[in-house]
Amino acid sequence: VDEKRKMQTEKHLTGTLVLSVFTAVLGFFQYGYSLGVINAPQKVIEAHYGRVLGIVSPDRYATNASGEDGTFLQAGTEGTLPPLTDISEDLATSPHILTMYWSLSVSVFAIGGMVSSFTVGWIGDRLGRVKAMLVVNVLSIAGNLLMGLAKFGPSHILIISGRAVTGLYCGLSSGLVPMYVSEVSPTALRGALGTLHQLAIVTGILFSQVLGLDFLLGNDEMWPLLLGLSGVAALLQFFLLLLCPESPRYLYIKLGKVEEAKKNLKRLRGNCDPMKEIEEMEKEKQEAASEKKVSIKQLFTSSKYRQAVIVALMVQISQQFSGINAIFYYSTNIFERAGVEQPVYATIGVGVVNTVFTVISVLLVEKAGRRSLFLAGLMGMLVSAVAMTVGLVLLSQFAWMSYVSMVAIFLFVIFFEVGPGPIPWFIVAELFSQGPRPAAIAVAGFCNWACNFIVGMCFQYIADLCGPYVFVIFAGLLLVFFLFAYFKVPETKGKSFEEIAAAFRRKKLSAKAMTELQDLRRSEEA
């Protein structure tokens, strides 16, 4: 049986399918790049903000003429080149202003995502999956241009604006990409191809971290290019999308274009008989016709979708409030607090581990299943968060505790990539049939971005307030998420969209019957 499934899987994995999935997940590469790119050059950009905002007076600095690094010298001391961090005393005079602008530069990216995520369903249905991804690339290119030109204007305004516009793109892309990939993927490969979203994210983060080294682009001369470089990926995606077929499921169910859907399905599946999938689409189309178009309001008011919506929202909340974005956004700062001498290289190490274990997750997800990997990841992150806290608290007493903190951070990232990282991106598309899917993905996307913004905006302040105990908060949240997932998150491995929807209906009927039985018993006792 396993050999037969393997042969079927290999038969389904065509060149067109590989191209289509690769092209789509380039949107998540840009998302990952935008998450990580702001981390490594933090001190250089903060120093530039200080100059532009007048926190460091113009006569107190001069850029190194060689442009080799971000060093500064005082007026009248041409032979002296103190390091960039020597201006920290000047920056300390207005720490709150600088913290505010920096936190906004980090988190405004998520505001853009929050705003645009609600339009995912509309634009995906209106234009189609491929055309929608084509159009929204304009936002990515515009946002990256604003950041790339930051030195030619008020840098803090251009960076904040550029990251907001890029966030608009990523909010749309993070909804359209899972929708497209889940619809073009065969059932046997849907989980493995779905985890490629997360692989693209961590690859983007790793690229940004490596390019952010001060001898590459993370210096005072080149940081605008570093911030705007993901525009290259946007251009590549734009041209490759012209070669990708539209989702057969969208063509068949939404537009009723049966022959075009069959044609695209044959392109995606090769010589496989498309009729089995066409029959599945027909069932889903009939189901969608009976439930009509589902709005966001109906998604929340109808008891039919309530359990699925709660699960969809909670997996998104658990991904963001697990504490992982605190690592992605501020890992260099966290490693500094842990006593690491070269925190930037430790951050790149996190990126490498991130990527390796995402690949492992791709291999595991169709064997171990979504639910078990999600639970294992949450529990591993919980233990790692506790170990990280112990290491940071005892660092002043035992120098070797820096290694404990470092290992805990790496384990935290590893367990995140095992389940809580990749699974929320595609499980939402699996939990809903064609009718409510666009609305569900929009709501889940908004929830994900809102949580992303809260973590990005507030973590620095919470870390300053709580000190080494900051990850105790995340440990408590992880425990709550684990318990919820254990009792509520279903297994979707190998199931069609209709089977998953039917499972929720059975749960609903079972819960209703149990309630009625309890009411009957109480009335009999009375």
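Residues numbered from 1 in each chain as written. Predicted model: local features only at pLDDT ≥ 70, side-chain atom pairs only at ≥ 80, totals over all residues. Heavy atoms only, no water.

Enquirer: It is not clear to me how the overall build of the protein chain should be interpreted in this structure. Could you clarify?
Expert: Counting secondary structure elements, the protein chain contains 25 helices and 0 strands. Of all 526 residues assigned to the protein chain, the portion counted as buried reaches 56%. Within the protein chain, contacts between residues at least 6 apart in sequence are counted, and of these 82% link residues at least 24 apart. Element-wise, carbon and sulfur atoms account for 66% of the exposed surface of the protein chain, whose accessible area totals about 22100 Å². (Helix = DSSP H or I, 4+ residues; strand = E, 2+ residues; numbered from the N terminus. Buried < 20%, exposed > 50% of the residue type's maximum accessible area, 1.4 Å probe, protein only. Contact = heavy atoms within 4.5 Å. Areas by Shrake-Rupley, 256 points an atom, 1.4 Å probe, with all protein chains shown as cover.)

Enquirer: What is the right way to look at the packing of helix H3 (residues 42-52) against helix H8 (residues 155-184) in this model?
Expert: Geometrically, a packed helix pair is captured by the angle between its two axes and the distance between the axes. Contact geometry for H3 and H8: axes closest at 9 Å, N-to-C directions at 130°. By the criterion of interaxial angle, the relationship of H3 to H8 is oblique. Residue-level inspection shows Ile45, His48, Tyr49 and Val52 of H3 in contact with H8, the latter providing Ser155, His156 and Ile159. Of the residues that constitute the contact of H3 with H8, the class distribution is 4 nonpolar, 3 polar and no charged. (Axes fitted to C-alpha atoms, helices over the stretch in contact; angles between N-to-C directions. Parallel < 35°, antiparallel > 145°, perpendicular 65-115°, else oblique. Nonpolar A, V, L, I, M, F, W, Y, C, P; charged D, E, K, R; others polar.)

Enquirer: Honestly, the environment of Pro178 in this entry has me stumped. Any pointers?
Expert: Note that Pro178 resides in helix H8. The buried category is assigned to Pro178, whose relative accessible area is 3%. Put simply, Pro178 and Phe28 are 150 residues apart on the chain and 9.7 Å apart in space, counted from C-alpha to C-alpha. Each residue touching Pro178, except ones within four places of it in the same chain, is listed here: Phe28, Ser173, His197, Trp425 and Ala429.

Enquirer: How should I be thinking about helix H6 (residues 120-127) in this particular structure?
Expert: Because an α-helix completes one turn every 3.6 residues, residues spaced three or four positions apart along the sequence face the same direction. Within the span of H6, buried status applies to Val120, Gly121, Ile123, Gly124 and Asp125. Once H6 finishes, Gly128 follows within two positions and takes phi at roughly 90°, a positive value.

Enquirer: I tried to follow helix H21 (residues 401-418) on my own but got confused; where do I start?
Expert: Helix length check: H21 (18 residues) gives 26 Å between terminal C-alpha atoms against 26 Å at 1.5 Å per residue, within 8%. Listed as buried for H21 are Met401, Ser402, Ser405, Ala408, Ile409, Phe410, Phe412, Val413, Ile414, Phe416, Glu417 and Val418. (Expected span 1.5 Å × (residues − 1).)

Enquirer: When you look at the nonpolar core in this model, what are you seeing that I'm missing?
Expert: A general trend in soluble globular proteins is that nonpolar side chains are found buried together. Among the nonpolar cores identified, the biggest contains 101 residues, and Tyr31, Leu299, Val428 and Phe432 are the most heavily contacted of them. The leading source of residues in this core is helix H23 (residues 437-466), at 12 residues. Once residues within four sequence positions are removed from consideration, Leu299 is found in contact with Val294, Tyr305, Val309, Phe432, Pro436, Ala439, Ala440 and Val443. Core analysis: the second largest hydrophobic core is formed by 17 residues, Ile38, Leu98, Ala150 and Ile159 among them. (Core = buried A, V, L, I, M, F, W, Y, C linked by side-chain atoms within 4.5 Å.)

Enquirer: Looking at this model, I keep getting lost on the pattern of salt bridges. Mind explaining?
Expert: A side chain of one charge can pair with a side chain of the opposite charge when the charged atoms of the two come close. A complete count under the given rule lists 4 salt bridges for this structure. Arg129 is the partner of Glu183 in a salt bridge, and the nearest nitrogen-oxygen pair spans 2.8 Å. On the criterion of sequence distance, the pair formed by Glu183 in helix H8 and Arg129 in helix H7 (residues 129-148) is long-range, its members being 54 residues apart. Like Glu183, the residue Arg129 is buried in the burial classification. The shortest N-O distance in the salt bridge between Glu280 and Arg249 comes to 3.5 Å. In this pair, Glu280 sits in helix H15 (residues 275-291) while Arg249 sits in helix H13 (residues 248-254), placing the two residues 31 residues apart along the sequence. For the pair Glu280 and Arg249, a shared accessibility class is recorded, and that class is buried. A single salt-bridge network, built from bridges that share partners, covers Asp125, Arg129, Glu183 and Lys254. (Salt bridge = Lys/Arg side-chain N within 4 Å of Asp/Glu carboxyl O.)

Enquirer: Any chance you could explain the side chain of Ser318 here in plain terms?
Expert: With respect to the secondary-structure elements, Ser318 resides in helix H17 (residues 306-320). On the basis of relative accessible area, Ser318 is assigned to the buried category, the value being 1%. At a separation of 2.8 Å, a polar atom in the side chain of Ser318 contacts the main-chain carbonyl oxygen of Val315. Here Ser318 is in contact with Phe374 and Phe481, once residues within four sequence places are set aside. (Polar contact = N/O pair within 3.5 Å; in protein donor to acceptor, adjacent residues only side chain to side chain.)

Enquirer: Help me understand a nonpolar patch on the surface, please; the structure alone is not making it clear to me.
Expert: Taken together, the side chains of Leu235, Phe238, Phe239, Leu242 and Leu243 define a hydrophobic patch exposed on the protein surface, amounting to about 490 Å² of accessible area. Within the element layout of this structure, Phe239 appears in helix H12 (residues 231-241). (Patch = residues over 30% accessible without salt bridge, like charges linked within 9 Å, V, L, I, M, F, W, Y side chains within 5 Å.)

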